Structure formats: C-alpha cells, structure tokens
Amino acid sequence: AQSVTQPDIHITVSEGASLELRCNYSYGATPYLFWYVQSPGQGLQLLLKYFSGDTLVQGIKGFEAEFKRSQSSFNLRKPSVHWSDAAEYFCAVVSRGATNKLIFGTGTLLAVQP
Amino acid sequence: EAEVAQSPRYKITEKSQAVAFWCDPISGHATLYWYRQILGQGPELLVQFQDESVVDDSQLPKDRFSAERLKGVDSTLKIQPAELGDSAMYLCASSLDEGRGFFGPGTRLTVL
C-alpha cells in the first residue's frame, strides 16, 4: 500500500539558517508528490508539487523540493528560514487508481529560533 | 483566488449529540474530500465524492458518520452520536484532478 514517512516529528532551526525536511514514500509507480504547510488552527496550503519532469521543483515562499527516485525521497528545502515559516509541514502522495486519494505523512513541526 | 469554505470554524458539543459540518468547494471542482486530522497526526481521508457520488468511504465510520453531496456542489458531514474520540479537525478539500487538493480552513470539533 502507498505510504509516506516523515522521520522528523519536530525540528528547530535558527532564523536565517537553511532547512531540510525529509519525506520518504512507498509507491509502485511514478508518484504524484506534494508538500503542504499548516499554520496553527488553519487548513493546509500547498507549497509545491511534483508530477513529472524536472526533479527539482520550485514552490511558493522560497521553498523547493527534490524528487529522488533511487532514494524514494522528496525532501523539502529552504536556503534561509524566516520566523514566519514556523508551522507544521506535511508530505503527501496521491494514491492513483480508481480514485485519486491524497495520503499524508504524520507531519514535521518546525520551530524557528530568533 | 477562489477558496474552499467551511462552517462552522469551531464546534463544541457533548457526547451523544449530533453535529454537522458544511463545505462549499471551489466552483467547478468535481472532486470533494472530507479529511479528519487528529491532533499531532496527518489528515486521514474519510470520504471522497466525484460529483454527487461517493467514490471512497472505506475509512468512514458508517455507524455514526454520514456524508452527502446532493447536487454535486456543497457537502455536509454529520456525526450522530458524537463520541469523545471524534474530537479533531475536520478538513474539506476540493480538486479538479490528479488529487491536488485545495483545502478549506477546517472545523475544529471538541466533544465533551
């Protein structure tokens, strides 16, 4: 069955430092992959997505992610973190078949230190 | 930019009571999803509609949960009776295709 693993439950970085959030997926074919961000008490906002083509994907708010098939990974990166980036980040894969169903990881909570 | 609307934003109820949540998807989006997000976890799909038809409700606790999308536009999710374990954020999302979901702000349910 398709699944998504986010190994880091909680990460703290200093403002201005670089960030990498890990995501590993399990899927038999080429996956559709997403990163969403959720601020406290809010819904989910799409940061970026990968369907095919260039494996380095640019998203909103200065985020990017790289699809690595050999490692079954889709890690999210940002070169310089801002205090407003503090939120929870979810990686997701679409389970394609009769229905297109988003399957989410358990999330990584990002804290930003001044 | 068009958004998914949900109401209410917050709901507090006592166990054994009935609750209902409403979702209005982005106009033209045929696919509508209801997710449940327990604190500290990722969202879990409860039910998926394609127009007015249910295409996936395998994770919906059908003894107490029901969902409808009568005209293929807005949708209602109901819980009757509510239990303590139902306390969670209920998220609605809509999509054109390929599973990319546009999410609403969610309804935070607290069952006392």
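Look up a bit, the structure's there.
Please read all numbers here as calculations on a predicted model, not as lab measurements. (Residues numbered from 1 in each chain as written. Chains lettered and ligands numbered in written order. Predicted model: local features only at pLDDT ≥ 70, side-chain atom pairs only at ≥ 80, totals over all residues. Heavy atoms only, no water.)

**Q** Even after reading the chapter, I still don't get the interface of chain A and chain B, so can you show me in this structure?
**A** Quite often, the size of an interface is put as the accessible area lost when its parts meet. Chain A puts 20 residues into the contact, and the matching count from chain B is 21 residues. Taken together, both faces of the contact between chain A and chain B bury some 1,700 Å²; the carbon and sulfur share is 54%. Contact with chain B buries surface across chain A, with Leu44, Asn100 and Lys101 of chain A losing the most and accounting together for 26% of the total. Along the contact surface separating chain A from chain B lie zero salt bridges. Summed over the shared surface of chain A and chain B, the result is four residue pairs in polar contact (both at pLDDT 80 or more). Counting residues per element, the side of chain A that touches chain B draws most heavily on strand β5 (residues 32–38) of chain A, which supplies four residues. Residue composition of the side of chain A that touches chain B, grouped by class: ten nonpolar, eight polar and two charged. (Contact = heavy atoms within 4.5 Å. Buried area = accessible area lost by both parts, 1.4 Å probe. Salt bridge = Lys/Arg side-chain N within 4 Å of Asp/Glu carboxyl O. Polar contact = N/O pair within 3.5 Å; in protein donor to acceptor, adjacent residues only side chain to side chain. Helix = DSSP H or I, 4+ residues; strand = E, 2+ residues; numbered from the N terminus. Nonpolar A, V, L, I, M, F, W, Y, C, P; charged D, E, K, R; others polar.)

**Q** Please explain the pattern of salt bridges as it appears in this structure.
**A** Once the charged atoms of two side chains with opposite charge are near each other, the side chains can pair. Residues and elements named next belong to chain B. Inspection of every chain in the model, using the stated rule, returns eight salt bridges over all chains. Between Lys62 and Asp57 there is a salt bridge, and its shortest N-O distance comes to 3.7 Å. Here Glu83 ties to Arg64 by a salt bridge, and the two come within 3.3 Å at their closest N and O atoms. Residue Glu83 is located in the loop between β8 (75–79) and β9 (88–95), and its partner Arg64 is located in the loop between β6 (53–56) and β7 (65–68); the two are separated by 19 residues in the primary sequence. Judged by its relative accessible area of 39%, Glu83 falls in the partly exposed class. Given a relative accessible area of 12%, Arg64 falls into the buried group. (Buried < 20%, exposed > 50% of the residue type's maximum accessible area, 1.4 Å probe, protein only.)

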